[in-house]
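Summary of structural features
This is what each chain is made of:
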Amino acid sequence: MIKAGRPGPERLGAFSDGVIAIIITIMVLDLHPPHGGGWRALAALWPTFAGYFLSYFIVALVWVNHHHLLRYCEVADGKVIWSNIGLLFVVSLIPFFTAYMSENRMSAFSTALYAGIFLLLTLSFILFLAVVSRQLEDEESRAESRGAMLRNCIVAAVYLVAIPAAYVHAGVSLGLMIANALVYVVPNAFR
């Protein structure tokens, strides 16, 4: 009889890479050229470009940080798999909310929803981080995990501010979202 070994995170990483690649493809397929010629027609699409740029950047940051975090995952048990699937589900909603915000020219409501999806993304990443962190055995990695958790909680709080800020000015809300994204450029979870 063949005995099954402990499932590693390799297949989970490969699956996640594929899903994220499809999400990025969906986002780029939603970019449509202007109907008119010249710079004015192109410039009129600035909300679409702004939303696409920020969304692409955040999806790329999710991939980088997810890839970095999976290096510390020893076993892809049910909790890891399902928290990963939840994270990917939220990432898969980004193209819809990007298109909705762009189509509505960054209205207060659509920008607030856009910030809301990133709040939900952060919360799902917190869950994934917590599940992977429980596999850590050395105290140094656990301390770094707590630091990463604090960073994510602060980012979630900023997204909570970005949602009502959209009703003050869409630019303020987008500025908060960009600031949050920049926090993740260098993944520091567990070094």
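Report follows, based on the coordinates. All values reported here derive from a predicted model rather than from experimental measurement.

**Some remarks on a nonpolar patch on the surface**
Among the surface-exposed residues, Phe15, Ile81, Trp82 and Ile85 lie close enough to one another that they form a single nonpolar patch of about 420 Å² accessible area. The leading source of residues in the nonpolar patch is helix α4 (residues 78-103), at three residues. Following the sequence through the fold, Ile81 ends up in helix α4. A residue is classified by how much of its surface remains accessible, and Ile81, at 31% relative accessible area, is partly exposed.

**A short note on the pattern of salt bridges**
The tally for this structure, following the rule as stated, stands at two salt bridges. Arg134 is paired through a salt bridge with Asp77; the nearest N and O atoms lie 2.5 Å apart. A residue pair is termed long-range when its members are at least 10 positions apart, and Arg134 in the loop between α5 (108-133) and α6 (139-168) and Asp77 in the loop between α3 (46-70) and α4 qualify at 57 residues. Taking relative accessible area as the criterion, Arg134 reaches 43% and is therefore assigned partly exposed. For Glu139, the salt bridge is made with Arg146, and the minimal N-O distance between the two is 2.9 Å. Among the residues examined, Glu139 registers a relative accessible area of 48% and is labelled partly exposed.

**Focus: a negative patch on the surface**
Where like charges cluster on the molecular surface, the negative patch consists of Glu74, Glu137, Asp138 and Glu140. For Glu140, the position within the fold is in helix α6.

**A few points about unusual backbone geometry**
In this structure, Arg105 is a non-glycine residue whose phi angle is positive, near 50 degrees. The topology assignment puts Arg105 in the loop between α4 and α5. The exposure class assigned to Arg105 is partly exposed, which follows from its relative accessible area of 48%.

**Quick look at the side chain of Ser133**
Relative to the assigned elements, Ser133 resides in helix α5. The class of Ser133 is buried, set by a relative accessible area of 12%. Polar contacts involving the side chain of Ser133 include one to the side chain of Ser145, which spans 2.5 Å.

**As for α4**
In this model, α4 (26 residues) spans 38 Å end to end at C-alpha, consistent with the 38 Å of a helix rising 1.5 Å per residue. The sharpest bend along α4 measures roughly 25 degrees and falls at Ile94, with the proline Pro95 sitting one to four residues further on. Residue Arg105 follows α4 closely and has a positive phi angle near 50 degrees.

**Quick notes on the packing of α5 against α6**
Packed helices, taken two at a time, are described by the angle between their axes plus the distance between the axes. Direction vectors running N to C along α5 and α6 enclose 165 degrees, while the axes themselves pass 8 Å from each other. The orientation of α5 relative to α6 falls into the category roughly antiparallel. The handedness of the crossing between α5 and α6 comes out as left-handed. A breakdown of the residues in the contact of α5 with α6 according to their chemical character gives 22 nonpolar, six polar and no charged.

**Considerations on helix α7 (residues 170-183)**
For α7, with 14 residues, the first-to-last C-alpha span of 20 Å sits near the 20 Å given by 1.5 Å per residue. When α7 is considered as a whole, its buried residues turn out to be Ala170, Ser173, Leu174, Met177, Asn180 and Ala181. Within α7, the buried residues cover an arc of 115 degrees as seen down the axis, which keeps them to one side. On the buried face of α7, the contacting elements are α3, α4, α5 and α6.

About the criteria used
Residues numbered from 1 in each chain as written. Predicted model: local features only at pLDDT ≥ 70, side-chain atom pairs only at ≥ 80, totals over all residues. Heavy atoms only, no water. Patch = residues over 30% accessible without salt bridge, like charges linked within 9 Å, V, L, I, M, F, W, Y side chains within 5 Å. Areas by Shrake-Rupley, 256 points an atom, 1.4 Å probe, with all protein chains shown as cover. Salt bridge = Lys/Arg side-chain N within 4 Å of Asp/Glu carboxyl O. Helix = DSSP H or I, 4+ residues; strand = E, 2+ residues; numbered from the N terminus. Buried < 20%, exposed > 50% of the residue type's maximum accessible area, 1.4 Å probe, protein only. Lys, Arg positive; Asp, Glu negative; His and termini not counted. Charge placed at Lys NZ, Arg CZ, Asp CG, Glu CD. Polar contact = N/O pair within 3.5 Å; in protein donor to acceptor, adjacent residues only side chain to side chain. Expected span 1.5 Å × (residues − 1). Bend = angle between axes of the 7 residues up to and from the residue. Axes fitted to C-alpha atoms, helices over the stretch in contact; angles between N-to-C directions. Parallel < 35°, antiparallel > 145°, perpendicular 65-115°, else oblique. Left-handed = near helix turned anticlockwise from the far one by under 90°. Nonpolar A, V, L, I, M, F, W, Y, C, P; charged D, E, K, R; others polar. Arc of directions from axis to C-beta. Contact = heavy atoms within 4.5 Å.

In short, geometric facts, not functional conclusions.
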